[in-house]
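Geometric and topological summary
Residues per chain, in single letters:
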Amino acid sequence: MGNECTRQYVCKEGEAINPLAQAFYFDACMNKAAGVTDSILQCIQQATDIWDKLRTATTKPQLVSLESEQDRGALKAAQLAWIAWRDKMAAALLAFDGGGNLSTLSTNFFIMEETQLQADRLKVQP
């Protein structure tokens, strides 16, 4: 599930882990879940939490790099709008899919992937 090669710069317990270690962690969790919906949801939630921490951590240097308060305010507002969009889109996808177990998995996976994409968008470029 997901694009393994984009899982990078993720931190766990304050230490950066490389892309392969992150992919292994998620894949290991999914393998251990053995198709049990609640266990799969826990894996997805753990990965989402990691990506959300990274998204938050990458926003801070971006805010510092912006020269004006107006630009910093725009970035903060954009982040809040993005969170609202992600959550509303997830609710819409759940409704479209009918709300069963597969819909719940699909919706939570969408949230994880979108959080990962947003963290990647905010990376400080060299």
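Residue indices follow the written sequence of each chain, beginning from 1 at its first position. Given that this is a predicted model, residues contribute local features only at a pLDDT of at least 70 and side-chain atom pairs are listed and counted only at 80 or more, while totals for whole chains, interfaces and linings are drawn from all residues. Computation of side-chain values: all heavy atoms of the structure, hydrogens and water removed.

Comments concerning the packing of helix α3 (residues 69-97) against helix α4 (residues 101-121)
Heads up, the rule is: Axes, fitted as lines to C-alpha atoms, cover a helix only where it is in contact. Angles between the N-to-C directions of the axes lie from 0 to 180 degrees. Under the DSSP-based scheme used, a helix requires at least four consecutive residues in state H or I and a strand at least two consecutive residues in state E, with every element numbered from the N terminus. Roughly parallel here means an angle under 35 degrees, roughly antiparallel means over 145, roughly perpendicular means 65 to 115, and every remaining angle is called oblique. Take the far helix as your reference; a near helix turned counterclockwise from it by less than a right angle gives a left-handed crossing, and one turned clockwise gives a right-handed crossing. We call two residues contacting when some pair of their heavy atoms lies within 4.5 Å. Classification convention: Asp, Glu, Lys, Arg as charged; Ala, Val, Leu, Ile, Met, Phe, Trp, Tyr, Cys, Pro as nonpolar; all other residues, Gly among them, as polar.
With their axes 9 Å apart at the nearest point, α3 and α4 run at an angle of 155° to one another. The orientation of α3 relative to α4 falls into the category roughly antiparallel. The interaxial crossing formed by α3 with α4 has right-handed handedness. Listed contacts from α4 to Q79, W82, W85, R86, M89, A90, L93, L94 and D97 of α3 are S103, T104, S106, T107, F110, I111, E114, T115, Q118 and R121. Across the contact of α3 with α4, the residue classes tally to 8 nonpolar, 7 polar and 4 charged.

Some remarks on the confidence of the model for the protein
Put simply, the test is: Looking at any residue, its pLDDT shows the predictor's confidence there, from 0 to 100.
Summary statistics for the protein give a mean pLDDT of 80 and a share of 79% for residues scoring 70 or more. Of all secondary-structure elements in the protein, the lowest mean pLDDT belongs to strand β1 (residues 10-12), at 45, while α3 reaches the highest, 93. Note that pLDDT drops below 50 for residues 1-14; the model gives that stretch 39 contacts with residues more than four away or on any other chain.

Side note on the pattern of salt bridges
What counts is decided by this rule: When a carboxyl oxygen of Asp or Glu lies within 4 Å of a side-chain nitrogen of Lys or Arg, that pair is called a salt bridge. Each residue is placed in one exposure class: buried if its accessible area under a 1.4 Å probe, protein chains only, is under 20% of its type's maximum, exposed if it is over 50%, and partly exposed if it falls in between.
Going through the model one piece at a time under the given rule, you end up with 4 salt bridges. Notably, a salt bridge pairs D52 with R55, separated by 2.9 Å at the nearest N-O pair. Placement of the pair is D52 and R55 together in helix α2 (residues 37-65), with a separation of 3 residues, close to one helical turn. A residue is classified by how much of its surface remains accessible, and R55, at 7% relative accessible area, is buried.

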